[in-house]
Every structure is written in C-alpha cells, then in structure tokens.
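The primary structure of each chain is shown beneath.
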Amino acid sequence: MIADLMNLVASDNLTTTTARLRPIIAIDGPAGAGKSTIARHLARYFGLLNLETGAMYRAFALKALAANVSLDDPAALLALSAKTRVRVEPGEEGNRVFLDDEDVTSQLRDAAITDGASRVSVHPRIRAWMVALQQELGAAGGVVMEGRDIGTVVFPNADVKIFLDAAPEVRGLRRYDQMGEPAEVQPEEVIQELRARDARDRNRADSPLKAAEDAIILDSTHLTLEEVLTQAEAIVEAKLARKTV
Ligand code: DC
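Throughout, a residue's number is its position along its own chain's written sequence, starting from 1. Confidence filtering applies because this is a predicted model: local features only for residues at pLDDT of at least 70, side-chain atom pairs given and counted only at 80 or more, and all residues used for totals across whole chains, interfaces and linings. With hydrogens and water excluded, all non-hydrogen atoms of the structure serve as input to the side-chain values.

**Some points on the sheet that holds strand 8 (residues 216-219)**
In step 1: What the five strands build is an open sheet, ordered 2-6-1-7-8; its pairing is parallel. Because the sheet does not close on itself, it has two edges, and the strands there are strand 2 (49-52) and strand 8. Here the strands of the sheet are splayed against their neighbours by 20 degrees on average, with no regard to which way each runs.
In step 2: Whether two strands pair comes down to DSSP finding at least two bridges between them. Helix numbering and strand numbering both begin at the N terminus, where a helix is a DSSP run of H or I of at least 4 residues and a strand a DSSP run of E of at least 2. Note: strand 1 (residues 24-28) against strand 7 (residues 160-165), four bridges, orientation parallel. Bridge assignment links isoleucine 25 to a residue of strand 7, and that residue is valine 160.
In step 3: On top of the sheet, helix 7 (residues 124-138) reaches strand 1, strand 2 and strand 6 (143-147); it is set at about 160 degrees to strand 6, its chief contact. What counts as an axis is a line fitted to C-alpha atoms, over the stretch in contact for a helix, and the angles between N-to-C directions run from 0 to 180 degrees. Contacts were defined at the residue level, with two residues in contact if any of their heavy atoms lie within 4.5 Å.

**Quick word on the pattern of salt bridges**
In step 1: Every case where a carboxyl oxygen of Asp or Glu lies within 4 Å of a side-chain nitrogen of Lys or Arg is listed as a salt bridge. Under the criterion given, the structure shown has 16 salt bridges.
In step 2: With its nearest N and O atoms 2.8 Å apart, the salt bridge here joins aspartate 101 to arginine 85. Taken together, the residues aspartate 101 in the loop between strand 4 (96-99) and strand 5 (102-103) and arginine 85 in the loop between helix 5 (74-81) and strand 3 (86-89) connect sequence positions 16 residues apart.
In step 3: With its nearest N and O atoms 3.0 Å apart, the salt bridge here joins aspartate 214 to lysine 161. Of this pair, aspartate 214 sits in the loop between helix 10 (187-203) and strand 8 while lysine 161 sits in strand 7, placing them 53 residues apart in sequence.
In step 4: Relative accessibility under 20% of the residue-type maximum defines a buried residue, over 50% an exposed one, and the middle range a partly exposed one, all with a 1.4 Å probe and only protein chains included. The exposure class of aspartate 214 is partly exposed, given its relative accessible area of 45%.
In step 5: Each of Asp72, Asp115, Arg119 and Arg200 takes part in salt bridges that share partners, so that together they form one network.

**Examining the site of the ligand**
In step 1: Inspection of the region around the ligand gives 14 residues, with Arg58, Arg127, Arg148, Asp149 and Arg204 positioned closest.
In step 2: Under this definition, polar contacts are N or O atom pairs within 3.5 Å; protein pairs additionally need one hydrogen-donor-capable and one acceptor-capable atom, and for neighbouring residues in sequence, both atoms have to be side-chain atoms. Side-chain polar atom of arginine 127 to an oxygen atom of the ligand: 2.8 Å apart, as the coordinates give it.
In step 3: In the environment of the ligand, an oxygen atom lies 2.9 Å from a nitrogen or oxygen atom belonging to the side chain of arginine 197.
In step 4: Accessibility throughout is a Shrake-Rupley quantity obtained with a 1.4 Å probe, and a residue counts as covered only by protein chains that appear here. Out of a free accessible area of 440 Å², the ligand has 96% covered by protein chains.
In step 5: Mapped by element, the contributors of at least two residues to the shell around the ligand are helix 4 (54-66), helix 6 (111-120) and helix 10.
In step 6: Counting residues per element, the shell around the ligand draws most heavily on helix 4, at three residues.
In step 7: In terms of residue class, the shell around the ligand is built from two nonpolar, five polar and seven charged. What makes a residue near a molecule or strand is one non-hydrogen atom of that residue sitting within 4 Å of it. Following the grouping adopted for this structure description, the nonpolar residues are Ala, Val, Leu, Ile, Met, Phe, Trp, Tyr, Cys and Pro, the charged ones are Asp, Glu, Lys and Arg, and the polar ones are all others, Gly among them.

So, in structure tokens, the structure goes:
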C-alpha cells in the first residue's frame, strides 16, 4: 500500500533529477520545534511522503492507557505490543493513524497521550518494534520522516538530516499560541510540560533525542516560520544537489 503510494508519487510528481532518487529526509528535534509543519512543507515542496513517527508512539500509548497497562512496565507493554497493529498513512492534511484498523487520528493530541507517548518510548523493546516498522515504511525512500531518532537510529544513512531546535520558552509560547482561546492552561505550564518531556526524551538510555553528528542544526529561536521554511528548503536542495554530481 505504502509502496504503491510511493511509486505513484515517484512517477507522477517528481520531476527533478534529485527527487527521482527517492531520498530519505530525516527531521529530528525536541517537542514543539515545528517539526511537523516543516516536514509537511518539505514533503509537499519536494513531492515526497511525510511520515510522523511520534504519532505511532502516541497510538500505542492510547492503547496502553485504554487497556490499563502500566506505562512503566516494559514486560506488560511488550506483551501488549504483540497484540497491536499501528499503521500510518500519509496524506495532504497530515498523517492518518490506525490502531488495530481503527482511525484514531483525532484522539492523539490529549495531554495524557502526549505524556504517555514519551513514557512508552523509553522502553528499548518498544522502540525496537517501532523502529522496525518505521524502517519498513521508509525503505523505498521518497519520504520526509520526522521524530527524535530518525537520523541517529532509524535511518542513519538518510540523504538529508535536519535537527530542528529552539529555546524551550519559545517552543512553549508557540504551542500556547496554537491552543487558541480560551486556553485552559497558563503559558508557564506549557513551557514546564515541554521541559519535562525534553528531559525524558533527551535522557533516556536507549536512543535519546540528540542531533546526529552529520545533521544540520536549524535553530528557529530567532526566526519566523517563513525563514525556517526557506532555510530548510535550501538545506535539502543543497544536500540533494551534492549527491547527484
Ligand atoms: O513528535 P511527538 O510529540 O508526536 O512524539 C511523542 C513522543 O514520542 C515523544 O515525546 C517521544 C516519542 N518519540 C520517540 O521517542 N521517537 C520518535 N522517533 C518519535 C517520537
């Protein structure tokens, strides 16, 4: 199914020499750095598929919470994973996520799921399961894959690696602004939640969030969205051009 979609994209939309190589573009970075917006933009701009790996951890957290399985019990989580199917389908409006064939896309943004995804993702055997699924999804290339460990673990040979970053206060305030009115939380709480998630994602023993050695760091603390998009496009163009000569 995904392979069919990729063939379609490759044959219909990709016109440049570089894009015909069906590259893998890895976008990593902390929560709230704008990865989804930038990955979606790059996918559209270069005619590639966008895959959000965080949504897969979120879907599994949803299942664990619904099944009353402790998020801190790796054996119970592993047993649950054996009975779980997680699937993502890229689309124009972002990914649709299926948990055991049910479309759960609209249920994945709750605070409990956000926290839960970060907690289930510390367990190495859960990560190994997810990484294998992600490698299968991206194997044919032609993808912009976003997450925390794409450039370091999932696709260490990705053609382009961008590590998106921004100061926690800036990421927190951007998240707060996206919440609309009336926000039920204070900006300080959003920043605090981001810091807690950052700490867990960066300090876990297995594949912690960090920039790959060959990643290009794009820090958006002092940039507008427009500026970040332009710089990201330029990075991808330069990297892919270098690979074709
Ligand atoms: O990108 P996101 O906010 O939807 O990710 C939710 C959580 O999933 C995040 O806190 C850490 C985890 N995650 C991960 O460990 N590895 C990934 N490749 C993607 C997400």
